[in-house]
Structures are given as structure tokens and as C-alpha cells.
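# Chain and residue survey
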Amino acid sequence: MAPLQKRAFYGLIFGIAWVIAMVSVFILKGGVSAFDEDQSFRLIMDGIWVGGLIVYLALFYTILRKPKLVDERDKLIYDHSPRTQWLAVIFSLVAWVIGLSEEFRGQGVPTVYLYLMFFTILSVSSIAGSIGILVGYWRMNRNG
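A few points on the structure. (Residues numbered from 1 in each chain as written. Predicted model: local features only at pLDDT ≥ 70, side-chain atom pairs only at ≥ 80, totals over all residues. Heavy atoms only, no water.)

## Overview of the environment of isoleucine 77
Relative to the assigned elements, isoleucine 77 resides in helix H4 (residues 72–80). The exposure class assigned to isoleucine 77 is buried, which follows from its relative accessible area of 4%. Distance in space between the C-alpha atoms of isoleucine 77 and arginine 105 is 42 Å, their sequence separation being 28 residues. With residues up to four places along the chain from it excluded, the contact list for isoleucine 77 reads Ile133, Gly136, Tyr137 and Met140. (Helix = DSSP H or I, 4+ residues; strand = E, 2+ residues; numbered from the N terminus. Buried < 20%, exposed > 50% of the residue type's maximum accessible area, 1.4 Å probe, protein only. Contact = heavy atoms within 4.5 Å.)

## Some remarks on the packing of H4 against helix H5 (residues 82–103)
For the pair H4 and H5, the least separation of the axes is 5 Å and the interaxial angle reads 15°. Overall, the two elements H4 and H5 adopt an arrangement that is roughly parallel. Of H5, the residues touching H4 (which contributes Tyr78, Asp79 and His80) are Pro82, Arg83 and Thr84. Taken together, the residues that form the contact of H4 with H5 break down as 2 nonpolar, 2 polar and 2 charged. (Axes fitted to C-alpha atoms, helices over the stretch in contact; angles between N-to-C directions. Parallel < 35°, antiparallel > 145°, perpendicular 65-115°, else oblique. Nonpolar A, V, L, I, M, F, W, Y, C, P; charged D, E, K, R; others polar.)

## Quick notes on the nonpolar core
Membership of the largest hydrophobic core comes to 29 residues, with the highest contact counts inside it found for Phe35, Met45, Trp49, Phe60 and Ile133. Those elements giving two or more residues to this core turn out to be helix H1 (3–29), helix H2 (31–37), helix H3 (39–65), H5 and helix H6 (111–143). With 10 residues, H6 is the single largest residue contributor to this core. Apart from the residues within four sequence positions on either side, phenylalanine 60 is in contact with Leu4, Arg7, Ala8, Ser130 and Ile133. (Core = buried A, V, L, I, M, F, W, Y, C linked by side-chain atoms within 4.5 Å.)

## A look at H5
Between the first and last C-alpha of H5 there are 31 Å, a value that for 22 residues agrees with the 32 Å anticipated at 1.5 Å per step. When we look at burial in H5, the residues that qualify are Val89, Ser92 and Leu100. Taken end-on, H5 shows its buried residues confined to a sector of 65°, consistent with a single buried face. For H5, the exposed residues lying more than 90 degrees away from the buried face are Arg83, Phe91 and Glu102. (Expected span 1.5 Å × (residues − 1). Arc of directions from axis to C-beta.)

## Brief notes about a nonpolar patch on the surface
A surface patch of nonpolar side chains, amounting to about 460 Å² of accessible area, comprises Met1, Phe9, Tyr10 and Ile13. Relative to the helices and strands, methionine 1 is located in the segment before H1. Residue methionine 1 is classed as exposed on the basis of its relative accessible area of 64%. (Patch = residues over 30% accessible without salt bridge, like charges linked within 9 Å, V, L, I, M, F, W, Y side chains within 5 Å. Areas by Shrake-Rupley, 256 points an atom, 1.4 Å probe, with all protein chains shown as cover. Salt bridge = Lys/Arg side-chain N within 4 Å of Asp/Glu carboxyl O.)

## Concerning the pattern of salt bridges
Once the charged atoms of two side chains with opposite charge are near each other, the side chains can pair. Under the defined criterion, the tally for this structure stands at 1 salt bridge. When the shortest N-O distance is used, the salt bridge between arginine 105 and glutamate 102 registers 3.2 Å. Neither arginine 105 nor glutamate 102 differs from the other in exposure class; each is exposed.

## A few points about the environment of serine 130
Positionally, serine 130 belongs in helix H6. Taking the relative accessible area as the measure of exposure, serine 130 reaches 1% and is therefore buried. The sequence separation of serine 130 and lysine 6 amounts to 124 residues, and the corresponding C-alpha distance is 9.8 Å. With residues up to four places along the chain from it excluded, the contact list for serine 130 reads Ala8, Gly11, Leu12, Tyr56 and Phe60.

## A short note on the packing of aromatic side chains
Inspection of the entire model under this criterion finds 14 aromatic pairs. Geometrically, the ring pair formed by phenylalanine 14 and tryptophan 18 is stacked, given 6.0 Å between the ring centres and 20° between the ring planes. Separated by 4 residues within a single helix, phenylalanine 14 and tryptophan 18 lie in helix H1, roughly one turn from each other. Classification of phenylalanine 14 as partly exposed rests on a relative accessible area of 24%. We classify tryptophan 18 as buried; its relative accessible area is 4%. Here the aromatic residues Phe26, Phe35, Phe41, Trp49, Tyr115, Phe118 and Phe119 are joined through ring pairs into a cluster of three or more. (Phe/Tyr/Trp six-rings, centres within 6.5 Å; stacked < 30°, edge-to-face > 60°.)

Next up, the structure:
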């Protein structure tokens, strides 16, 4: 397994655990209304989100700093992985916009949902980046 592929696999495993942790804490602490009213809850969630993004940065930054570990095939896959990432981000944004506009039609969307939407998109983008890399390796191995 190539180093970039390993990092993407670890990133996917971490991403799934990261989302499970976020959703669990969010539900156990009381959901949207508690998130909007409780500053300590918001700080806990901020810590989880920022910590997860730092882990993703560490996973992929180290591999890109060491050019000996990355060949032309890896660079090609890494350059094409944002397609998957952008599709996931766009579909997530479409879901949020449609869901929020239908739920709050004529009332205005509470700002707490915009905050949640932003961090959901960051999570989706990070996980989809790993998936894009893994799909790239799968396609390359399948097609020879």
C-alpha cells in the first residue's frame, strides 16, 4: 500500500470516528437548542472540530513534505481527488440549503444552523478527500 493510500485509509477511519464523536456529543448534550444557549457545549464542539482538522492536516502534510514518498502516480491521484471532495461538498450544501429553506420558510434561518452547516461541510470535505484518494488508487489498480 502506497504511503498516500495508507494516509487516506487512516484519514477515512479517523473521519468516521470523528463524525460519530461529534454526533454523539451533540445529541447527548442536548442538540441544537442546547448548542445555541450553552457556551461550554459550543467550546467542546469547537475543540472536536478543530482537533479533527488538525489531525487531517498532520496526516497529509507530512506525506506532501517528503517528496521521496510520493511518485508521479500518487501526485496524479492526489491532484484528481478534489473532484470527489467538491461533489460531496456541493451535495452537502444542497441538502443543507433545501432542508433549512423548507424548515424555516418565511421565518429566517437561526444563525446556529449556519454555524452547524459550516462545520458539517468541513467534516464532509475532509472525509471526502480521503475517499477521493482511495477511489483514485482503486481505479488505477482496476484499470492497470
